[in-house]
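Per-entry structural report
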Amino acid sequence: NLKLEEVPAPLPQAGEALIRVGAVSVDLYQMVSRRGGEVRMKLPRIMGNGIAGTVATLGPGVDGLSPGERVVVANNVSCGECRYCRAGRDTLCAGRKIIGSDLDGGYAELVCVPARDCVVLPDSVSFEDACLIPNTIGPVVKACIHTAAIRAAENVVIVGAGGGMGLHAVQAARACGGRVIASLRSSRTAEAVRQAGADAVISADQSDWAEHVRQHTDGWGADVVLDFVANKETLQSSLAALAPAGRLVVMGYFPRGSIFETPTWVFGEEPTITGNRSARKGDVAESLALVRDGRIKALVDKVYPLEDAVLVHKAFEAKEIVGRAVLVP
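Here's what I pulled together on the structure shown here. Residue numbers here run from 1 along each chain, matching the order of that chain's written sequence. At least 70 in pLDDT is required for a residue's local features to be given in this predicted model, at least 80 for side-chain atom pairs to be given and counted, and no such filter applies to totals for whole chains, interfaces and linings, which use all residues. As a rule here, side-chain values come from all non-hydrogen atoms in the structure, and water together with hydrogens is ignored.

For the rest of this paragraph, the subject is the packing of aromatic side chains. Under the pairing criterion, centres of Phe, Tyr and Trp rings, with the six-membered ring standing for Trp, must be within 6.5 Å; the plane angle then separates stacked pairs below 30 degrees from edge-to-face pairs above 60, leaving the rest tilted. Inspection of every chain in the model, using the stated rule, returns zero aromatic pairs. Its end group placed over the ring of phenylalanine 127, arginine 70 keeps NZ or CZ at 4.4 Å from the ring centre. When the ring centre of tyrosine 84 is taken as reference, the NZ or CZ atom of arginine 83 above it lies at 5.5 Å. Over a ring means this: the NZ of a Lys or the CZ of an Arg is within 6 Å of the ring centre and within 35 degrees of the ring normal.

It is worth spelling out the pattern of salt bridges at this point. Criterion for a salt bridge: a side-chain nitrogen of Lys or Arg within 4 Å of a carboxyl oxygen of Asp or Glu. Summed over the entire model, instances satisfying the criterion amount to nine salt bridges. Put simply, arginine 45 and aspartate 104 hold a salt bridge, and the shortest N to O gap is 3.0 Å. Residue arginine 45 is found in the loop between helix H1 (28–35) and strand E2 (51–58), and its partner aspartate 104 is found in the loop between strand E5 (97–98) and strand E6 (110–114); the two are separated by 59 residues along the sequence. Residue classification places arginine 45 among the partly exposed residues on the basis of a relative accessible area of 24%. Burial classification: accessible surface area is computed with a 1.4 Å probe over protein chains only, and a residue below 20% of its type maximum counts as buried, one above 50% as exposed, and the rest as partly exposed. Relative accessible area serves as the criterion here: at 35%, aspartate 104 is assigned to the partly exposed category. Close ionic contact of glutamate 154 with arginine 151 constitutes a salt bridge, the shortest N to O distance being 3.1 Å. Through salt bridges with shared partners, a single network forms among Arg34, Arg35 and Glu317. Secondary structure elements follow DSSP: runs of H or I no shorter than four residues count as helices, runs of E no shorter than two count as strands, and numbering proceeds from the N terminus.

The element strand E12 (residues 242–250) is largely enclosed, with a buried count of seven among its nine residues. Looking at chain direction, strand E11 (residues 222–227) and E12 are connected through five bridges and run parallel. Paired with valine 224 across the two strands is arginine 247, which belongs to E12. Following the backbone out of E11, through helix H8 (residues 232–240) and into the adjacent parallel E12, one traces a crossover that is right-handed. Pairing geometry for E12 and strand E13 (residues 272–275), over four bridges, is parallel. A pair of strands is labelled paired if DSSP reports no fewer than 2 bridges between them. By the criterion used throughout, a crossover qualifies as right-handed when its path from the first strand across the helix to the second strand runs clockwise, the strands pointing away from the viewer.

Spelled out as structure tokens, the structure:
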């Protein structure tokens, strides 16, 4: 149900920038959106929620950007005025819209975006690498640095480490000084996970994998668990793997009603259980600096022309992509 069509070029309105797309990333969110799963959107819609490109023109009232500048675009469009936006929690904005889902996105040659959501891109970072920042690298940097607040020498378990976000989370946790234990369901991505910096790899298919975590941590358990799978089974094991005062960050979608039962020891060991909902503009800028400085490598597996969007979606769903794929108009 993806079709390549010619449509009129968009015109930037007040506060908007018209971006000539250099590259747009492909990820699970787009698969869910296309299938009409947990993410619903009005149709027809131009998809694409990880955009890097060049400013073509600007609408009225835009300051701080110039035509010809290279930019990467934050996905979340927030009101900037509600209680959450004022508190720096703009991903919780009641009026939040997502580019490529609520608004037309980057599966196109040109796209209009709010100018205030653009982050200037240095020449040293390619469009192909930069487009992974808004919806892949940015969220895991936020999770590691801010939500979980990983500290040096802490033990960090990443559940679903072989996925596109998981591979970058391994790098982000290492950038924080964490010791990373990667939990995988398939050995297919084990080597990529090790290359990303994991100190140990365990199988998520083992019913007692939480005990394996303790074996890798001198019996102590994980200080932090990032769960990208987030089904009932992994969440139960993730919670069981925590050390006292550990932090569990739920990173994946899961159906309502599948929440795990909370064991009684939660009262005594004081774990923190929280979620991590996408990246703010500040997280995009922070992640860009980490990519620019070589502390996180954008793992682009394959680059496709825009007209092959159907093929890349099929390849993604067939698990043929390790890391991320990118579309280039």
